[in-house]
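Structural description and commentary
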Amino acid sequence: MNTHRTEHTDRPEEDFLPPPVSLTVTPPVPEPGKAVTLTATLTNTTRIALRATVLYLAVGGTGTGAGLGTLAPGRSVTRTWRTRIADDAEGRIVCTAHALFDVHRHGSDCTRATSSVLLPYRSLRGAFDNAGIASDDALTVADIDGSKSSLSAEALASAGLAPGAEVTYGGVPFTWPDMRPGSKDNAVAAGQTVRLSGSGSRLSFLGTSTWGEGRGDGKVVYADGTEQPFSVAVPDWYGANASAAVVLPYRHIAAGRDDSPVSLFTFGVDLVAGKELRSLVLPKVGDAPQSGVPALHIFAMTVN
Amino acid sequence: MNVSRRRFLTTATALGSAVLLAPPGAARAISGGSTPDYAPTKASLDTHPVPRWYKDAKFGIFVHWGVYSVPAGSGRQMASEWYLWYQSFETEPTWKYHRDTYGQDFLYDDFIPRFTAEHYDPDAWVRLFEQAGAEYFALTSKHHDGFALWPSEVTDRHAGKYGPKRDLVGELMTAARRRGTVRPGLYYSLGEFFNPAIGRPMKNFYTGAQVPMTGYRPVDDYSGDYELQQLYELVDRYDPELLWADGQWFRPAGEPPWRSEEPLAHYYNQAKNRPRPKGVVVNDRFDTHYDFATYEQRTNPTMDPQKWECCITMGYSWGYNRFEVEEDYKTSEFLVHLLADVTSKNGNLLLNIGPKPDGTIPDVMQRRLRDIGAWLKVNGAAIYGSTPWVRAEEEGGAHGIRYTVSPGKFNIIVLGAPSGTLSVPADIPLSATSRIRLLGHDRPLKWARSDGKVHISVPGTLPSELANTFTVDWERR
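Since we're looking at a predicted model, the values are computed, not measured.

**A look at the overall build of chain B**
From N to C terminus, chain B includes 12 helices and 16 strands. Its C-alpha radius of gyration of 24 Å places chain B within 12% of the 23 Å reference for a compact globule of 477 residues. Along the longest, intermediate and shortest principal axes, the C-alpha atoms of chain B span 75 × 60 × 40 Å. Among the 477 residues that make up chain B, the fraction classed as buried is 62%. As presented, chain B carries roughly 17,400 Å² of accessible surface, and 50% of it is formed by carbon and sulfur atoms.

Written out as structure tokens, the structure reads:
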């Protein structure tokens with residue numbers, strides 16, 4: 001006997017579309033270290049009382065819950081939570097309104113609304129969202145192109161690009177990502193914002209493009225608020241490109257080693273020399289890599 | 001052609017051994033209750049709620065059984081229910097395997113007489129599903145090979161006439177209703193690998209010659225004269241709680257859209273318009289409205305307020321594959337962890353079994369089901385009827401943790417057998433007077449807060465090696 005199993009009596013009034021919960025985030029683009037207010041309204045559009053209701057409001061993984069007791073049919077209740085975005089917050093932060101309640105003696109249910117805010121990344125490394133490098137004995141840990149291909153960690157090391165290596169191409173120094181194969185080691189340029197500081201005469205990138213030329217527009221934002229747009233057009237990684245900074249003799253594909261060379265490139269934008277930098281908006285080329293769609297991968301960048 | 005009109009005729013001329021618990025005619029007579037009928041449009045169907053029972057159920061059994069259970073694969077890691085399709089390509093190992101094993105003149109349909117169901121005991125199947133702790137099941141009423149497991153009126157390609165010469169669907173539905181413990185559902189493949197009406201006639205794949213399909217009755221319109229009619233038959237004759245569509249990518253020539261809105265509106269209306277309405281549910285492969293999203297052989301990594309269902313095989317194949325060995329099967333531990341994971345994220349788990357052609361269920365599958373059932377007997381209070389908490393999980397510790405909420409309880413399901421002290425974040429709902437228990441253990445556990453965590457003393461002997469549920473009394477007022 002199992003007393004917890006569903007009671008096989010159908011009560012149609014317990015079948016309902018989820019009662020709506022709304023969520024607003026103020027300000028819509030909060031800043032790290034600053035206040036943010038979440039406001040949620042739960043409306044009981046069902047035909048039954050929602051018993052033992054708790055409404056949670058959360059930013060990222062943490063939040064607060066408020067007991068609302070029983071919410072009668074037709075009733076609405078609003079809760080507000082003011083909190084502070086962590087000083088070191090970056091990237092996509094999901095705000096959640098999650099209401100849970102009991103619908104019968106052995107059954108609970110929930111309804112949820114989410115709203116995500118995109119904060120600037122504090123560094124390029126923080127923006128890494130793709131694993132593009134695998135070692136020759138574990139190919140499947142990385143997928144640079146949405147088709148399970150990847151750069152070879154061994155081939156990179158032979159070309160001087162071991163994890164954390166300092167290299168110079170065309171007079172520009174870069175630090176190769178200090179990441180183990182299979183870790184997120186590059187940022188797919190999709191219009192995200194990365195904080196910059198200091199000043200220089202040129203912003204340079206080290207990266208490559210998969211599934212065709214990576215073409216898009218980004219901008220540099222200076223501390224005084226002025227913006228400088230720029231465009232990039234980075235060749236496809238496949239083949240030994242004469243303009244490449246690095247050519248690797250082989251790559252990984254899903255089936256194993258593929259003895260076709262692949263290329264990495266440097267590219268960049270001239271800056272207003274000496275002017276203090278605030279942030280960089282990466283070119284909007286494409287989101288997560290997928291077969292047949294160009295994606296621009298940035299492994300390192302330097303202001304000098 | 002007016003499908004609805006045809007359906008009335010079908011119903012009126014019914015139906016030998018049919019299971020008619022709520023005769024559609026009688027049901028229609030009392031219609032006009034509190035809610036308006038569903039119209040055959042996506043917008044109207046989208047107002048259909050996911051039934052409570054399906055939300056509460058969390059765990060169901062998928063059954064893939066058919067003519068493909070006879071050859072039962074051509075090797076390990078091969079989906080046996082696709083045998084016919086693989087056999088049709090010279091480049092596929094199954095093409096050669098079939099020729100070498102059965103000879104090139106042995107057609108797929110020659111397997112039909114070997115699909116005997118001689119030891120098929122529907123009552124024993126339902127008892128096994130009960131022992132597994134499953135709340136529902138979905139049987140392949142017709143898979144992509146077009147062989148119906150019930151005596152369909154629009155074709156002779158069915159188990160009533162060929163092979164078992166029994167109504168395999170009806171017998172299982174009857175057994176389930178008689179026991180009243182596990183809700184019966186039916187899988188149905190909209191399209192088929194081969195069917196003259198689809199524009200892909202059956203062939204001998206070695207000579208290229210067209211061959212007749214056993215039981216095929218010519219129709220003008222695959223969908224209107226056959227596929228939709230079969231869906232109406234399933235609904236009107238067997239009154240299933242769940243309809244699970246598949247094979248929608250095998251469209252008839254010209255790729256016309258499926259017309260699923262018609263049978264789905266009828267399905268919802270006949271469930272609603274009866275003295276005691278019941279909740280029914282459909283998946284997302286009818287090419288229109290759906291109640292739940294299908295995650296085949298994968299899970300949803302995040303909590304999703306849209307109800308979803310993970311369907312998954314124990315081994316590699318959905319249909320019985322006699323080449324699979326025990327090490328190809330997911331462990332009971334894996335499956336219990338999966339059930340907890342799926343539950344914590346608002347999903348259901350539909351776990352597959354593939355019976356043999358004689359109707360017996362392979363021993364390894366029975367053992368996995370009974371292991372899950374034994375675990376649910378102790379831990380079911382944290383699964384059935386539960387709902388996701390604001391955060392689904394914790395990872396990174398010695399064992400993964402999944403959270404669920406049920407009336408009066410906050411449940412911490414530990415994926416594994418922790419020892420010493422279990423530490424969880426301090427934001428779990430817990431007051432100074434809260435009691436924490438371990439399901440399957442008789443005394444409350446000691447706990448304390450420190451360093452921003454809640455530390456729970458774990459008993460030396462645990463109820464399960466697979467996963468253990470620590471449950472907090474939580475009066476939500």
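**Quick word on the overall build of chain A**
For chain A, the helix and strand inventory stands at two helices and 22 strands. Overall, chain A is about 70 × 55 × 30 Å in size when its C-alpha atoms are taken along their principal axes. Per-residue burial over chain A gives 49% buried out of 304 residues. In the structure as shown, chain A presents an accessible area of about 13,300 Å², 50% of it carried by carbon and sulfur atoms. With 26 positive and 30 negative side-chain charges, chain A shows a separation of 8 Å between the mean positions of the two kinds.

**Digging into the interface of chain B and chain A**
Chain B puts 47 residues into the contact, and the matching count from chain A is 37 residues. Among the residues chain B hides against chain A, the three largest losses belong to B:Arg52, B:Val390 and B:Arg476. Together they make up 22% of the total. At the boundary of chain B and chain A, one finds three salt bridges. In this structure, the salt-bridge partner of B:Arg476 is A:Asp102, at a minimum N-O distance of 2.7 Å. One can count 13 residue pairs in polar contact (both at pLDDT 80 or more) joining chain B with chain A. Mapped onto the side of chain B that touches chain A, the elements with two or more residues apiece are α4 (52–57), α12 (363–379) and β10 (400–406) of chain B. Sorting elements by how many residues they give to the side of chain B that touches chain A places α4(B) first, with five residues. The residue makeup of the side of chain B that touches chain A, split by class, is 20 nonpolar, 13 polar and 14 charged.

**Brief notes about the sheet that holds strand β1 (residues 21–26) of chain A**
Residues and elements named next belong to chain A. Taken together, the three strands give an open sheet; going across it, the order is β1-β2-β5, and neighbouring strands pair in antiparallel fashion. For this open sheet the edge positions go to β1 and β5 (76–84), each flanked by a neighbour on one side alone. Across the sheet, the axes of successive neighbouring strands diverge by a mean angle of 15 degrees, strand direction being ignored. Sheet analysis places strand β2 (residues 35–43) next to β5, joined by nine bridges and oriented antiparallel. Residue pairing for β5: Leu42 is matched across the bridge by Val77.

**Concerning the pairing of strand β6 (residues 91–104) of chain A**
Residues and elements named next belong to chain A. Judged by how many residues are buried, β6 sits mostly within the fold: 12 of 14 residues are covered. Examined bridge by bridge, strand β3 (residues 50–59) and β6 share seven bridges and lie antiparallel to one another. Across the sheet, the residue bridging to Val54 is Leu100, located in β6. Here β6 hands over to strand β7 (residues 107–119) after two residues, the two strands then running antiparallel side by side.

**Observations concerning the sheet that holds strand β13 (residues 436–438) of chain B**
All names here are of chain B. As summarised here, the arrangement of the five strands in space is β9-β10-β11-β16-β13, forming an open sheet in which the pairing is antiparallel. Two strands bound the open sheet, and with one partner strand each, they are β9 (393–394) and β13. Two strands pair when backbone bridges link them, and β10 and strand β11 (residues 409–415) are joined in this way by seven bridges, in the antiparallel orientation. Its bridge partner lying in β11, Tyr403 is registered against Ile412. Of the strands in this sheet, β9, β10 and β11 are in contact with helix α11 (residues 332–344), which crosses β10 at around 55 degrees.

**A closer look at the environment of B:Ser450**
Residues and elements named next belong to chain B. Checked against the element boundaries, Ser450 lands in strand β14 (residues 447–450). A residue is classified by how much of its surface remains accessible, and Ser450, at 33% relative accessible area, is partly exposed. Residues Ser450 and Ala426, spaced 24 residues apart in sequence, show a C-alpha to C-alpha distance of 8.6 Å.

**A short note on helix α7 (residues 122–131) of chain B**
All names here are of chain B. In terms of burial, α7 is largely enclosed, as seven of its 10 residues are buried. Buried within α7 are the following residues: Pro122, Asp123, Trp125, Val126, Leu128, Phe129 and Glu130. The inward-facing, buried residues of α7 abut β1 (59–63), β2 (136–142), α8 (168–179), β8 (347–353) and α12. Phi for Gly133, located one or two positions after α7, is positive at around 80 degrees.

**Topic: the packing of helix α9 (residues 222–238) of chain B against helix α10 (residues 261–272) of chain B**
Residue and element names in this part refer to chain B. Two elements in contact, α9 and α10, have axes separated by 10 Å at closest approach and are oriented at 10 degrees. As summarised for this structure, α9 and α10 are arranged roughly parallel, according to the angle between their axes. Counting all contacts with α9, which are made through Leu228, Leu231, Tyr232, Val235 and Asp236, the residues of α10 involved are Glu262, Pro263, His266, Tyr267 and Gln270. Of the residues that constitute the contact of α9 with α10, the class distribution is six nonpolar, two polar and two charged.

**With respect to the domain arrangement of chain A**
Split into domains, chain A comes out as domain 1 (2–119) and domain 2 (125–303). Centre-to-centre separation of domain 1 of chain A and domain 2 of chain A, based on C-alpha positions: 40 Å.

**Examining the pairing of β7(A)**
Across 13 bridges, β6(A) lies against β7(A) in antiparallel orientation. The residue of β7(A) that forms the bridge with A:His98 is A:Arg112.

**Here's the deal with the nonpolar core**
Residue and element names in this part refer to chain B. Ranked by size, the top nonpolar core spans 109 residues in total, and within it Phe59, Ile61, Trp65 and Leu139 carry the most contacts. The dominant element in this core, judged by the number of residues it contributes, is α9, at eight residues. Those residues in contact with Phe59 that lie beyond four places of it in its chain are Ala132, Gly133, Ala134, Glu135, Tyr136, Leu339, Leu349, Leu351, Ile372 and Leu376.

**Focus on the environment of B:Ala426**
Tracing the chain through its elements places B:Ala426 in the loop between β12 (421–425) and β13. Setting aside residues no more than four positions away along its own chain, B:Ala426 makes contact with B:Arg449, B:Gly452, B:Lys453 and B:Val454.

**Observations regarding unusual backbone geometry**
The step from A:Thr26 to A:Pro27 runs through a cis peptide bond, and the omega angle for that step is -10 degrees. Residue placement: A:Pro27 occurs in the loop between β1 and β2. The residue B:Ala72 is not glycine, and still its phi comes out positive at about 55 degrees. With respect to the secondary-structure elements, B:Ala72 resides in the loop between β1 and α5 (83–87). Unlike most non-glycine residues, B:Glu255 shows phi in positive territory, near 50 degrees. When you line up the elements, B:Glu255 lands in the loop between β4 (242–246) and α10. Given the relative accessible area of 54%, B:Glu255 is considered exposed.

The rules behind these values
- Along each chain, residue indices are assigned from 1 in the same order as the chain's sequence is written.
- Going through the entries in the order they are written, you letter the chains from A and number the ligands from 1.
- Residue-level local features of this predicted model are given only where pLDDT is at least 70; pairs of side-chain atoms are given and counted only at 80 or more, and the full residue set underlies all totals for whole chains, interfaces and linings.
- Values shown for side chains rest on all heavy atoms present in the structure; no hydrogens or waters enter the calculation.
- To qualify as a helix, a DSSP run of H or I must reach at least 4 residues; to qualify as a strand, a run of E must reach at least 2; elements of each kind are numbered from the N terminus.
- For a compact globule the rule gives 2.2 Å times the number of residues to the power 0.38, and the radius of gyration it is set against comes from C-alpha atoms.
- Burial classification: accessible surface area is computed with a 1.4 Å probe over protein chains only, and a residue below 20% of its type maximum counts as buried, one above 50% as exposed, and the rest as partly exposed.
- Accessibility throughout is a Shrake-Rupley quantity obtained with a 1.4 Å probe, and a residue counts as covered only by protein chains that appear here.
- The sign given to each residue is positive for Lys and Arg and negative for Asp and Glu; His and the chain ends receive no count.
- Think of each charge as sitting on NZ of Lys, CZ of Arg, CG of Asp or CD of Glu.
- In what follows, residue pairs with any heavy atoms lying within 4.5 Å of each other are defined as contacts.
- Two parts placed together each lose some accessible area under a 1.4 Å probe, and adding up what both lose gives the buried area.
- Counted as salt bridges are all cases of a side-chain nitrogen of Lys or Arg within 4 Å of a carboxyl oxygen of Asp or Glu.
- Any N or O atom pair separated by 3.5 Å or less is treated as a polar contact, with the protein-specific requirement of one donor-capable and one acceptor-capable atom, and with residues adjacent in sequence counted only for side-chain atom pairs.
- Basically, the charged four are Asp, Glu, Lys and Arg, the nonpolar ten are Ala, Val, Leu, Ile, Met, Phe, Trp, Tyr, Cys and Pro, and anything else, Gly included, counts as polar.
- Whether two strands pair depends on DSSP finding at least two bridges between them.
- Here an axis means a line fitted to C-alpha atoms, over the contact stretch when the element is a helix, while the angle between two N-to-C directions is reported on a 0 to 180 degree scale.
- Note that the term roughly parallel is reserved for angles under 35 degrees, roughly antiparallel for angles over 145, roughly perpendicular for angles of 65 to 115, and oblique for everything else.
- Each domain's extent is set by a domain assignment, obtained either automatically or from a database.
- Nine residue types can take part in a nonpolar core, namely buried Ala, Val, Leu, Ile, Met, Phe, Trp, Tyr and Cys, and a core is a set of them joined through side-chain atoms within 4.5 Å.

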